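# Summary of structural features
Residue strings, one per chain:
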Amino acid sequence: MNKQIYITEEERENAKRLPMPFWKSIRKMMCWWWTPEGFGFVKLQNYMLNEGFDSVTTYTDSRDMLEDLWQEWLITQLFALSKGTPMEDFTQEELLKILPKKKQKEFAYKKICFMNKAAI
């Protein structure tokens, strides 16, 4: 029986180069791991006692994984900025629109830096 490969070595190496700020800021919300069998990186979310994880996503493409990580990271940053303010119940889109231009540019620049570090 031939072993099926789901993620290429190149994609695995790209994903491993993702910057630490992503991993550090979101690891409290979800679990990530590399499957040694070559399936890819797995994101587990919404753990429920006696039921397991409500959401399981496997990534075999480092660009897709980076985009998802970026969104999760951005949401945590926006949540932290709005916590305890009247904007706490705003959506991500609403928060992004009312952010000062300087902060919007800072987030855009950070994404570019993260993508460059991951060589994507």
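Higher on the page you've got the structure.
Quick caveat, the model's predicted, so the values are computed rather than measured. Along each chain, numbering runs from 1 in the same order as the chain's sequence is written. Owing to the predicted nature of the model, reporting of local features is limited to residues with pLDDT of at least 70; listing and counting of side-chain atom pairs is limited to 80 or more, with chain, interface and lining totals taken over all residues. Excluded from the side-chain calculation are hydrogens and water; included are all heavy atoms of the structure.

### Let's talk about the overall build of the protein
This is how the line gets drawn: Helix numbers and strand numbers start at the N terminus; a helix is a DSSP run of H or I with at least 4 residues, a strand a run of E with at least 2. Partly exposed describes any residue whose relative accessible area lies between the buried limit of under 20% and the exposed limit of over 50%, with all areas from a 1.4 Å probe on protein chains only and scaled to the type maximum. Whether two residues are in contact is decided by their heavy atoms: any pair within 4.5 Å suffices. Surface exposure here means Shrake-Rupley accessible area, sampled with a 1.4 Å probe, where a residue is shielded only by the protein chains that are shown.
Each helix and strand in the protein was counted, giving five helices and three strands. Shown N-terminal to C-terminal, the secondary structure of the protein runs as helices and strands in the order α-α-β-β-β-α-α-α. By residue count, 34% of the 120 residues in the protein fall in the buried class. Counted over contacts in the protein with a minimum sequence separation of 6, partners at least 24 positions apart contribute 53%. Accessible surface, the protein: about 8,300 Å² in total, of which carbon and sulfur atoms supply 55%.

### A short note on helix H5 (residues 101–117)
Applied cut-off: Under the convention used throughout, the expected extent of a helix is 1.5 Å for every residue step, that is, one less than its residue count. When we speak of the arc, we mean the arc of directions from the helix axis to the C-beta atoms.
With 17 residues, H5 extends 24 Å between its outermost C-alpha atoms, agreeing within 8% with the 24 Å of an ideal straight helix rising 1.5 Å per residue. Of all the positions in H5, only Phe107, Phe114 and Met115 are classed as buried. Projection of H5 onto a plane perpendicular to its axis shows the buried side chains occupying an angular sector of 100 degrees, all on one side. H5 presents Lys101, Lys102, Lys105, Tyr109, Asn116 and Lys117 as exposed residues on the side facing more than 90 degrees away from its buried surface.

### Considerations on the side chain of Thr76
Let me state the cut-off plainly: As used in this structure description, the phrase polar contact means that two N or O atoms lie within 3.5 Å; if the pair is within protein, one of them must be able to donate a hydrogen and the other to accept it, and residues adjacent in sequence are counted only when both atoms belong to side chains.
As for its placement among the helices and strands, Thr76 is situated in helix H3 (residues 62–82). Exposure remark for Thr76: the relative accessible area of 14% places this residue in the buried category. A polar contact is formed between the side chain of Thr76 and the backbone oxygen of Trp73, at a distance of 2.6 Å.

### Considering the packing of aromatic side chains
What describes a pair of aromatic rings is the distance from one ring centre to the other and the angle between the planes of the rings. For the record, the criterion: Only the six-membered ring of Trp is used, alongside the rings of Phe and Tyr, when aromatic pairs are assigned; centres must lie within 6.5 Å, and planes under 30 degrees apart are stacked while those over 60 apart are edge-to-face, with the rest tilted.
Within this structure, the stated rule accounts for two aromatic pairs. Their ring planes at 85 degrees and their centres at 5.9 Å tell us that Trp73 and Phe107 sit as a pair that is edge-to-face. Of the two residues, Trp73 sits in helix H3 while Phe107 sits in helix H5, which places them 34 residues apart along the sequence. Note on Trp73: relative accessible area 5%, which makes it buried. A relative accessible area of 6% means that Phe107 is categorised as buried. Members of the aromatic cluster, each reached through a chain of ring pairs, are Trp70, Trp73 and Phe107.

Without other data, these values stay purely geometric and don't point to any function.
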